[in-house]
Amino acid sequence: MTVLAATLTRRVTCPGGNVVRNGACCALFPVLQDIQANLFDGGICGEDAHSALRLAFHDAIGFSRTRNVGGGADGSIVVFADTELAFHANAGIDDIVNTQLPFIAKHNLSAGDFIQFAAAVGVSNCAGGPRLKFSLGRPPPVAAAADLTVPEPFDNVTSILARFQDAGFSPPEVVALLASHSIAAADEVDPTIPGTPFDSTPGTFDTQIFVEILLKGTSFPGTGPNPGEVESPLRGEMRLQSDFAIARDPRTACLWQANVNQEGLMTSAFAAAMAKLSVLGQNTKNLVDCSDVIPIPKSFTGSAHLPAGSTLKDIEASCKLFPFPTLKADPGPATSVAPV
Ligand code: HEM
Ligand SMILES: *[C@@H]1O[C@H](CO)[C@@H](O)[C@H](O)[C@H]1NC(C)=O
Ligand SMILES: *[C@@H]1O[C@H](CO)[C@@H](O)[C@H](O)[C@H]1NC(C)=O
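Rules used throughout
Residues numbered from 1 in each chain as written. Chains lettered and ligands numbered in written order. Predicted model: local features only at pLDDT ≥ 70, side-chain atom pairs only at ≥ 80, totals over all residues. Heavy atoms only, no water. UniProt positions renumbered as here; feature names shortened; annotations may be inferred. Helix = DSSP H or I, 4+ residues; strand = E, 2+ residues; numbered from the N terminus. Contact = heavy atoms within 4.5 Å. Donors = N, O, S within 2.8 Å, 3.2 Å for Na, K, Ca; no water. Core = buried A, V, L, I, M, F, W, Y, C linked by side-chain atoms within 4.5 Å. Buried < 20%, exposed > 50% of the residue type's maximum accessible area, 1.4 Å probe, protein only.

- Under the annotation held in an unreviewed UniProt entry, the protein chain carries the name Peroxidase and is attributed to Lactarius akahatsu.
- The record held by UniProt for the protein chain lists under Sequence similarities (unreviewed entry) the comment "Belongs to the peroxidase family. Ligninase subfamily."

### With respect to the UniProt feature "binding site: Ca(2+) 1" (unreviewed entry) in the protein chain
Inference 1: Mapped onto this numbering, the UniProt entry annotates "binding site: Ca(2+) 1" (unreviewed entry) at Asp59, Gly72, Asp74 and Ser76. Taken along the chain, the residues just named run across 18 residues; in space they keep tight, none of their C-alpha pairs more than 8.1 Å apart.
Inference 2: Within the secondary structure, Asp74 is located in the loop between α3 (47–60) and α4 (76–79).
Inference 3: Those residues in contact with Asp74, other than ones at most four positions away along the chain, are Asp59, Gly112, Pro139, Pro140, Pro141, Ala143 and Gln282.

### With respect to the side chain of Thr252
Inference 1: Mapped onto the elements, Thr252 comes out in the loop between α11 (241–248) and α12 (253–257).
Inference 2: If near-sequence neighbours (up to four positions away) are discounted, Thr252 is found in contact with Leu161, Pro171, Val175 and Ile246.

### Examining the coordination of the iron atom of ligand 1
Inference 1: The protein supplies the iron atom of ligand 1 with one donor atom, His181 (NE2), which lies at 2.1 Å.
Inference 2: When you line up the elements, His181 lands in the loop between α9 (171–177) and β4 (185–186).

### Observations regarding the nonpolar core
Inference 1: Among the nonpolar cores identified, the biggest contains 91 residues, and Leu28, Ile35, Phe114, Phe117, Trp256, Leu277 and Val293 are the most heavily contacted of them.
Inference 2: For this core, the element with the highest residue contribution is helix α7 (residues 111–124), accounting for 9 residues.
Inference 3: Val293 has contacts with Val20, Cys25, Leu28, Phe29, Leu32 and Phe117, leaving out every residue within four places of it along the chain.

What follows is the structure in structure tokens.
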């Protein structure tokens, strides 16, 4: 065996028997075991997994390529919670911060590492989800992020794209990141109906969000739209105005539609954009790649579908270059979406 081949095949067996490429990653297995059992309720794709992903975004996006607005994926949202949790865009994030705090205190990880690790593990609990990358070694944050780095659902497409561009993300990457809303629900947009999902399958990392955001019709049975909310024809579902607008804007409509029923494309583009997001503001030369600690998610074998009782005419096809793909409708009468 050549020296190069020996390097490529180097493996370390951790005390618990797991095999990884870098021994520094062994320290993550006890954390993995603890958070799967005690943070994610035995490894499910529920509210805590969803919120862990949202937290990873809100921590990391406090970053700019040109201005000093924050250190990116540095854990500042937890360490400087007094400042950052007061920002309007972080409404509801206090729940998951308070839930994660005792885990961060117990384990020997920086807050920045813990947040990104928990997000990758949380996503791995969702069938169809990508196996996200994880790198270890973020130092403690030095300061709170500035306000207005996290986009709001009532922001227009121009300002959302500009904010992401400022942090280093192109429009295709923005749309890729919004696959996250496949495993999402809102507590704060309309506080009278907490846990209202953005698609009919919030426990599965599938492409259904890219279908349902394009449905026509507004028969939402809630109390009426709040800032940033658009009604959905599906009972029990809520749509964010930002998702609704990005799905229809000429700059992003074809990028949006391209995800419909394209599970592999959606998850690989999401994983690539998340790899970038998770190390924003970090010197990656100082980080150790511990991606092999992240569990391999269950695959998703279904396909995208239209809600029962609807046809392609109910889709507001907004991409002018390609026709909306042909999808089958669910059988039976219209059903409602259960809260998370
Ligand atoms: C245009 C950009 C975005 C806007 C305006 C936005 C806005 C929102 C809002 C308003 C909520 C509901 C919060 C609540 O009321 O409880 C939410 C939930 C969520 N967002 Fe986003 N978001 C954006 C991008 C992202 C990105 C890039 C990610 C991750 C990569 C993400 C992940 C999530 C997740 C997982 C949830 C569900 C949280 C839960 O169910 O507990 N979002 N988002
Ligand atoms: C905590 O982690 C650091 C590396 O981040 C390591 O040097 C140190 O030995 C660890 N301490 C304990 C008690 O495991
Ligand atoms: C988008 O929002 C920004 C910030 O509120 C505002 O300055 C701008 O005029 C808006 N653009 C459009 C096209 O509405």
